[in-house]
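# Observations on chain architecture
In case you want the letters, here they are:
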Amino acid sequence: MVITRFAPSPTGFLHIGGLRTALFSYLWAKHNGGKFILRIEDTDRSRNNEDAAKAIIEAFKWLGLSHDGEIEYQSKRTDIYKRYIRKLLDEGKAYYCYMSKDELVSLKDEQISHKERPRYDGRYRDFNGTPPRGVEPVVRIKAPTSGTITVHDGIKGDVVFNVDDILDDFIIARSDGTPTYNFVVAIDDALMGINEVIRGDDHLSNTPKQIIIYDALGLEIPNFYHVPMIHNQNGKKLSKRDGATDVMEYKKEGYLPQALLNFLVRLGWSHGDQEIFTIQEMIEMFNPKDINKSASIYNTEKLDWLNAHYIKNMSNEHLKHLLEDYDIILTSNDKTEILLDNLKERAKTLQELALQIKDILTQPAYENEKAFKKAFKGDAVDILTAFSDKLKSTPKPHLPVDFHIVMQNIVDEQGIGFGKLGQPLRMALLGKLSGPGLDSVMAVIGVDDTINRVSSAISYAAQNGYA
Ligand code: GLU
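No experiment lies behind these values; they were computed from the predicted model shown.

## Side note on the overall build of the protein
Within the protein one finds 19 helices and 12 strands. Referenced to the eigenvectors of the C-alpha coordinate spread, the extents of the protein come out at roughly 110 × 50 × 35 Å. Counting every position in the protein, which comprises 467 residues, the buried fraction comes to 48%. Sequence-distant contacts, at least 24 apart, represent 74% of the contacts inside the protein between residues at least 6 apart.

## Section: the nonpolar core
With 105 residues, the main nonpolar core has Leu260, Phe376 and Leu425 as its most contacted residues. The residues contacting Phe376, other than those within four sequence positions of it, are Val381, Leu384, Pro424, Met427, Ala457, Ala461 and Tyr466. Grouped together as the second largest cluster of nonpolar side chains are 36 residues, Tyr81, Ala94, Val139 and Leu167 included.

## Some words on the site of the ligand
Around the ligand, the neighbouring residues are Arg5, Ala7, Pro8, Ser9, Glu41, Tyr181, Val185, Arg199 and His203. One nitrogen or oxygen atom from the main chain of Ala7 is found 2.7 Å from a nitrogen atom belonging to the ligand. Between the ligand and His203 there is a distance of 2.9 Å, counted from an oxygen atom to a side-chain nitrogen or oxygen. Within the complex, 81% of the 300 Å² of free accessible area of the ligand lies under protein. When atom positions are compared with the pocket grids, the ligand is found to occupy the largest pocket. Looking at the shell around the ligand residue by residue, the classes come out as four nonpolar, two polar and three charged.

## Section: the sheet that holds strand E1 (residues 3-6)
One open sheet accounts for three strands, arranged E1-E2-E3; its pairing is parallel. Taken across any chain shown, the strands that pair with only one partner, and hence form the sheet edges, are E1 and strand E3 (72-73). For strand E2 (residues 35-40) and E3, the ladder comprises two bridges, and the chain directions are parallel. Within E3, the residue paired with Arg39 across the bridge is Glu72. Contacts from helix H1 (residues 16-31) reach E1 and E2 within the one sheet, and its direction differs from that of E1 by about 165°.

## Regarding the side chain of Thr207
Here Thr207 is to be found in helix H7 (residues 207-217). For Thr207, the side chain forms a polar contact with the side chain of Arg199, separated by 3.0 Å. A distance of 3.3 Å separates the side chain of Thr207 from the backbone oxygen of His203, its partner in a polar contact. Residues within four places of Thr207 in sequence aside, it is in contact with Val151, Arg199, Phe224 and His226.

## Concerning empty space enclosed by the protein
For the structure on display, the rule yields one cavity of 30 Å³ or more. Computed from the structure, the largest cavity encloses a volume of approximately 30 Å³. Around the largest cavity sit Ile338, Leu339, Asn342, Leu343, Ile360, Pro436, Gly437, Ser440, Val441 and Val444, which together line it. Going through the elements one at a time, helix H13 (334-343) and helix H19 (438-463) are the ones with two or more residues in the lining of the largest cavity. Top element by residues in the lining of the largest cavity is H13. It accounts for four residues. Partitioning the lining of the largest cavity into residue classes produces seven nonpolar, three polar and no charged.

## Describing the pairing of strand E6 (residues 148-153)
Where a strand is regular, its side chains alternate between the two sheet faces. By the alternation rule, side chains of E6 split into Ile149, Val151 and Asp153, which are all buried, and Thr148, Thr150 and His152, of which none is buried. Bridge analysis of E6 against strand E7 (residues 157-162) gives six bridges, and the strand direction is antiparallel. Following the sheet pairing, Ile149 is matched in E7 by Phe161. The loop that links E6 with its antiparallel partner E7 comprises three residues.

## Topic: the sheet that holds strand E4 (residues 94-97)
The strand order E4-E5-E8 describes an open sheet built from three strands, whose pairing is antiparallel. Each of the sheet's edge strands pairs with one partner strand only, and the pair in question is E4 and strand E8 (171-173). Adjacent strand axes in the sheet meet at a mean angle of 45° when their direction is disregarded. Here strand E5 (residues 138-141) runs beside E8; their pairing, made up of two bridges, is antiparallel. Note on E8: the bridge partner recorded for Arg140 is Ile171.

## Some words on the environment of Phe24
Here Phe24 lies in helix H1. Sequence separation between Phe24 and Thr300 is 276 residues; the distance between their C-alpha atoms is 20 Å. In this view, Phe24 contacts Ile198, Val227, Leu264, Val265, Leu267, Trp269, Phe286 and Ile291; residues no more than four positions away in its chain are not counted.

## Considering the environment of Asn316
Structurally, Asn316 can be placed in helix H12 (residues 316-323). Among the residues examined, Asn316 registers a relative accessible area of 6% and is labelled buried. Side chain to side chain, Asn316 and Asp341 meet in a polar contact 3.0 Å long.

## Focus: the packing of helix H14 (residues 350-361) against H19
H19 packs onto H14 with a crossing angle of 35° between their chain directions and a minimal axis gap of 10 Å. Contact residues: H14 offers Asp359, Ile360 and Leu361, while H19 offers Val441, Val444, Ile445 and Arg453. Each residue belonging to the contact of H14 with H19 can be placed in one class, and the counts come to five nonpolar, no polar and two charged.

Cut-offs and rules
- Residues numbered from 1 in each chain as written.
- Predicted model: local features only at pLDDT ≥ 70, side-chain atom pairs only at ≥ 80, totals over all residues.
- Heavy atoms only, no water.
- Helix = DSSP H or I, 4+ residues; strand = E, 2+ residues; numbered from the N terminus.
- Buried < 20%, exposed > 50% of the residue type's maximum accessible area, 1.4 Å probe, protein only.
- Contact = heavy atoms within 4.5 Å.
- Core = buried A, V, L, I, M, F, W, Y, C linked by side-chain atoms within 4.5 Å.
- Near = heavy atom within 4 Å.
- Polar contact = N/O pair within 3.5 Å; in protein donor to acceptor, adjacent residues only side chain to side chain.
- Areas by Shrake-Rupley, 256 points an atom, 1.4 Å probe, with all protein chains shown as cover.
- 1 Å grid on protein atoms, 1.4 Å probe; cavity = no way out; pocket = protein on both sides within 12 Å on 5 of 7 lines; lining within 4 Å.
- Sits in = over half its atoms within 2 Å of the grid points.
- Nonpolar A, V, L, I, M, F, W, Y, C, P; charged D, E, K, R; others polar.
- Pairing = 2+ DSSP bridges.
- Axes fitted to C-alpha atoms, helices over the stretch in contact; angles between N-to-C directions.
- Points joined across faces, edges and corners; volume = space filled by probe spheres on them.

Right under this line is the structure:
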């Protein structure tokens, strides 16, 4: 069975890069009918692990991703790690090193002054004597001293590390007995049966060390896939400003889970030239072997485009429900249908959609004087008055088409172009010169509100001498 995992260190929130590797791991597990484990790497006690786990679970819930089994916490597995350290010591594959920190520093200084790579020199590797007093030893693993270690990577191919260039007998337990990062990752992956490790390629340099631990314990080495980083448009590592932020920020800004997942799956992976994927399609088509070898570029327009696609295709009922988070409470009636049918065609985010709805449902403040003046030049007030009178005498205009007919009548009667009525009317109703079709706007706000807004705009024009 394929078992993958997502193993975040608790930094307080789930970040977009982390989410992408989580998604890849999730998809690959589901593709194979396997399991996806969530493991919180919280050996660094100084951080708030509970909150971090909660934040990750919240984000997973929002996105509809689920992990199998209980969440694993490294902080609860100390005894297991200690047992394996003991085993390596007993088998002579690891040893206590009594070198003090000061000694280590001066050794490294000396190596640097000789233009050598700073490293531990193995002085306690075969030590049989009496340990120096007062030094709490660290535990070091006996790493190979020559040759190469090859990481067989499913994306990058074979990556060969020269032992002499990268390794020494590295520490697997600190002097206080706590195990080190690479040790616990290898132990956990092995004991949890993780056989496919998909993670960021910033971890590639850790992999030889983890392989040494697998080998020392006779554990089976998983398949590795080191995913190239996400870069910004300038080819630099993605920063917070570029979007490398808390996944829940995307929710606040009004991105849909489906759009975000679709966006992320295409960052570094492709299937022909298909852009839109349902989750089911992602599961069916995803294979880590198809992940690009080079970094992928984060592109906000692409995310917006996908989000707009999913908003446009969402049912009004569902949209209505989501808009409640943005303080938009719409009742279910034909006006809501007209409103959403019109606006969802052009909104990039739910936040934007909510703003557009507010703009339509509230009396505008006519803050843009320049635009107002422009819209009210000439005989705009007379045209609007005629329009308003005509509306008052029309029996129950209700649908967009009813309002359209009234507009058409005025234009015909006065022998003017549509813009002559449209511009001041748009300004009167919305306080700006852009937005959705006026017949729909009027159908949504209704005839009374339409007449009121027109009359407010006429008074405003008179007060300010625009008419
Ligand atoms: N805990 C590591 C991180 O958050 C990931 C370890 C791994 O995937 O092997 O960067």
